[in-house]
Amino acid sequence: MVLAMGKLGARELNYSSDIDLIVLYDPDRHPGNGELRHTFVRMTSDLVTLMEARDANGYVFRMDLRLRPDPSATPAAVSFPAAIQYYESMGRTWERAAMTKARPVAGDITAGRRFLKTIHPFIWRRHLDFAVIDDLHDMKARIDRHRNAGHANLDSLRAADIRDPDTATRWLLGQNVKLGQGGIREVEFVAQALQLVWGGRRPELRDPTTLGALRRLRRAGLLAREQSAILARNYRILRQAEHRLQMRLDHQTHSLPDTEDGFARFAIFMNMGPPDELASSMLAVMQRSRRIFDQQFAESGPEDITIAPEDADAADRLRAHGFPPADINDALAILNRWEGNRLRALRSDRARKLLRRLLPGLLAEMGRRQQPLAVLRRFDALLERQWAGVQFLSLLERNPALIHRIVTVLDCAPFLADHLAETPSALDGLLDMDGGPGAVSTVTVLARRQVAGARSAEQVLPVLRGLVCGEEFRLSVARLEHRMSEDRAARARTAMAETVMRGLLRLVSAEHRQRHGTVPGGAVAVVALGKVGSREMMPGSDLDLMVVFDHPEDAGESVVSASDGPRARAFRRHLLRAAGACLCRGPDSTGARRPAL
């Protein structure tokens, strides 16, 4: 099976593109074949040789197999189990980004889709992961350091420099339009970073094409309309330039001509006006694109403003932040615990670096509360429960307002603080800043999608429990911060409960039909009573429900399709069992509601 990657996977090939491929095989399809690996490696080698062979008519395509798992240590063809194990245990952010464009193009297409579905959780994380932004920023920084991509002072150019034809042309001479500042790769990184952060929870953001991703991010409100337009315009201009550069000698180049005469000839080929106009217009949009990239990937604050227990003035700085003198020693003990290697979340240098940048803002926010030490202890408990400190702290760094919201929860609602510590994924709900109808509809749409894609109620129940718990937490925080009225919160709780019940009833009914057949003309309905019936659900409300059913008078039992199929049941027992199965499978003590008949 052959996976297309990169521009081929996204159907965005340049005039002279390499073909990025990953070749996989399934050893379970060929049991007992001891030469299987050797056979597929030889087939892959033959494929590459055939595609790259040159004759009087040229060649077909240049091939690149380096996007496969660990290319320095794996053969040209990789088995399904080895690839899956690699991505689940060692896969890196750039490989997640690469896999967003993957699609099967040759061989067993069904097996390729099955493979992509298997590694879906690796690509699209269910919880928000803002650490991906730092990873892609570091990757671009390495490109800037180690690749000769042209000039590196695009940010500092003045408007007068860009308007001046000679200055603009000189700056562009030899510039790499793919890897350089303001180039194609920066536009792609902005789109991919936002997709990887949010796409796990919002499937509508997933699009392998760069322009398609920018449109989807704009519609979702994650990228401003003006920013999306600038990035798209820059991408189109530079991709056109890339095509024209490669058409000249069928050479895979991304660098503009390095002489003024060469640039003048290139301007004619671009058909976008005289050379001086082309230079000024290209440079202007590249600079605006670069500034958007910088905004998306900028670090939030200086690293040198820190508080450490060993600092001579640590106690004074804590006191200045509002910690009472009697609490200083206990607060220093907690900070000392963070500086050591005791917490799993802070064992990496990167996590500790993030915490040091965040610490002044965290302590200042805690110091404004009546009991700052109590808030600090609850935050310590939250930090202790984190499996991945980099992801959690990156979330805070990229969303500074989240610090205020977390501290508010830790200060005012100990029961919500306990839930936050026990369920770190609830942090995602705090990012719904407006708490408005859009956030409510997003959660209910997620629930519907999970039910629609599930094969059984048992499979989808853990996901639904997480969604219901997260929604209850989000609504409780919205009420705590007076961003939502009690009536609106009650309607949102009811909408979520209705969505879950409808979905579970469909799933359980389908399972029941498989086991016991159907009752021709029979029907069942669930009637909501009490608070759920009036859409006035409170935190912790049970679901008061009544199940009603009807059937033709002559229908005594369910009808099965074959003698060796499911067992028939008396109609009343059939419907009661079906309804009971649905209600009893409702979310449990994890925080969601139990039905009461």
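Some thoughts on the overall build of the protein
The secondary structure content of the protein amounts to 26 helices and 8 strands. Looking at the protein as a whole, 48% of its 597 residues are labelled buried. Long-range contacts, defined here as pairs at least 24 residues apart, represent 70% of the contacts in the protein between residues at least 6 apart. In the structure as shown, the protein presents an accessible area of about 28800 Å², 50% of it carried by carbon and sulfur atoms.

Observations regarding the side chain of R398
You can see R398 is positioned in helix α19 (residues 389-398). Those residues in contact with R398 that lie beyond four places of it in its chain are F130, I133, D134, Q296, F297 and A298.

Focus: helix α2 (residues 36-52)
Residue pairs three or four apart in sequence face the same way in an α-helix, which turns once every 3.6 residues. Across its 17 residues, α2 extends 25 Å between first and last C-alpha, which sits within 8% of the 24 Å expected from 1.5 Å per residue. Within α2, burial applies to L36, F40, T44 and V48. Burial along α2 is one-sided: seen end-on, the buried residues are contained in an arc of 105°. In α2, the exposed positions that point more than 90 degrees away from the buried face belong to T49 and L50. Turning to α2, the residues buried within the fold contact β2 (18-25), β3 (62-64) and β4 (77-79).

Brief notes about the confidence of the model for the protein
Detailed reading of the predicted coordinates is not advisable wherever pLDDT falls low. When pLDDT is averaged along the protein, the result is 83, and 88% of the positions lie at 70 or above. Contacts from residues 433-438, a stretch scored under 50 in pLDDT, to residues over four places away or in other chains number 11 contacts. Counting interchain partners and residues more than four positions distant, the pLDDT-below-50 stretch residues 588-592 has 8 contacts.

A short note on the packing of helix α3 (residues 80-90) against helix α5 (residues 109-118)
Each pair of packed helices can be described by the angle between their axes along with the distance between the axes. Contact geometry for α3 and α5: axes closest at 10 Å, N-to-C directions at 25°. Between α3 and α5, the interaxial angle falls into the category roughly parallel. Of the two possible hands of crossing, α3 and α5 adopt the one that is right-handed. Residue-level contacts link F80, A83, I84 and Y87 of α3 to A111, R114, F115 and T118 of α5.

Some remarks on the nonpolar core
Counting residues in hydrophobic clusters, the biggest one holds 121 residues, and the most contacted among them are M99, F115, W338, F379, L393 and I406. Here F115 is in contact with L3, L24, F80, A83, I84 and Y87, once residues within four sequence places are set aside. A454, V500, L504 and L507 belong to the second-largest nonpolar core, a separate cluster that totals 17 residues.

Considering the packing of helix α10 (residues 184-198) against helix α12 (residues 225-247)
Where α10 meets α12, the closest approach of the two axes is 9 Å, and the angle between their N-to-C directions is 140°. Taken together, the axis directions place α10 and α12 in an arrangement best described as oblique. In this structure, α10 meets α12 at a crossing whose hand is left-handed. Contact residues: α10 offers I184, V187, E188 and V190, while α12 offers L231, N234, Y235, L238, R239 and E242. Partitioned by chemical class, the residues of the contact of α10 with α12 number 6 nonpolar, 1 polar and 3 charged.

Focus: a nonpolar patch on the surface
Nonpolar side chains collect at one region of the surface, where V527, L529, M546 and V548 lie side by side and expose about 270 Å² of accessible area between them. Assignment of secondary structure puts M546 in strand β7 (residues 543-550). A relative accessible area of 38% means that M546 is categorised as partly exposed.

As for the packing of aromatic side chains
Within this structure, the stated rule accounts for 9 aromatic pairs. Taking 4.7 Å as the distance between ring centres and 5° as the angle between the ring planes, the aromatic pair formed by Y25 and F40 counts as stacked. Of this pair, Y25 sits in strand β2 while F40 sits in helix α2, and the two are 15 residues apart along the sequence. On the basis of relative accessible area, F40 is assigned to the buried category, the value being 16%. When the ring of W338 is compared with that of F379, the centres are 5.8 Å apart and the planes differ by 65°; the resulting orientation is edge-to-face. Residue W338 is found in helix α16 (residues 328-339), and its partner F379 is found in helix α18 (residues 372-384); the two are separated by 41 residues along the sequence. According to the relative accessible area criterion, F379 is buried, its value standing at 0%. An aromatic cluster is present here, built from F80, Y86, Y87, F115 and F122 joined pairwise through their rings. We note R244 situated over the ring of F269; from NZ or CZ to the ring centre the distance is 5.7 Å.

A word on the pattern of salt bridges
Should the charged atoms of two oppositely charged side chains come close, the side chains can pair. Taken as a whole and judged by the stated rule, the model has 31 salt bridges. Close ionic contact of D18 with R62 constitutes a salt bridge, the shortest N to O distance being 2.7 Å. You can see D18 sitting in strand β2 and its partner R62 sitting in strand β3, a full 44 residues away along the chain. What makes R62 buried here is its relative accessible area of 18%. What emerges from the salt-bridge pattern is a single network uniting D155, E186, R290 and D294.

Description of the side chain of Q195
Within the element layout of this structure, Q195 appears in helix α10. Polar contacts involving the side chain of Q195 include one to the main-chain carbonyl oxygen of D207, which spans 3.0 Å. Excluding its chain neighbours within four sequence positions, the residues that come into contact with Q195 are W124, G200, L205, R206, D207, A213 and L217.

Reading guide: rules and limits
Residues numbered from 1 in each chain as written. Predicted model: local features only at pLDDT ≥ 70, side-chain atom pairs only at ≥ 80, totals over all residues. Heavy atoms only, no water. Helix = DSSP H or I, 4+ residues; strand = E, 2+ residues; numbered from the N terminus. Buried < 20%, exposed > 50% of the residue type's maximum accessible area, 1.4 Å probe, protein only. Contact = heavy atoms within 4.5 Å. Areas by Shrake-Rupley, 256 points an atom, 1.4 Å probe, with all protein chains shown as cover. Expected span 1.5 Å × (residues − 1). Arc of directions from axis to C-beta. pLDDT = per-residue confidence, 0-100. Axes fitted to C-alpha atoms, helices over the stretch in contact; angles between N-to-C directions. Parallel < 35°, antiparallel > 145°, perpendicular 65-115°, else oblique. Left-handed = near helix turned anticlockwise from the far one by under 90°. Core = buried A, V, L, I, M, F, W, Y, C linked by side-chain atoms within 4.5 Å. Nonpolar A, V, L, I, M, F, W, Y, C, P; charged D, E, K, R; others polar. Patch = residues over 30% accessible without salt bridge, like charges linked within 9 Å, V, L, I, M, F, W, Y side chains within 5 Å. Salt bridge = Lys/Arg side-chain N within 4 Å of Asp/Glu carboxyl O. Phe/Tyr/Trp six-rings, centres within 6.5 Å; stacked < 30°, edge-to-face > 60°. Lys NZ or Arg CZ within 6 Å of the ring centre and 35° of its normal. Polar contact = N/O pair within 3.5 Å; in protein donor to acceptor, adjacent residues only side chain to side chain.

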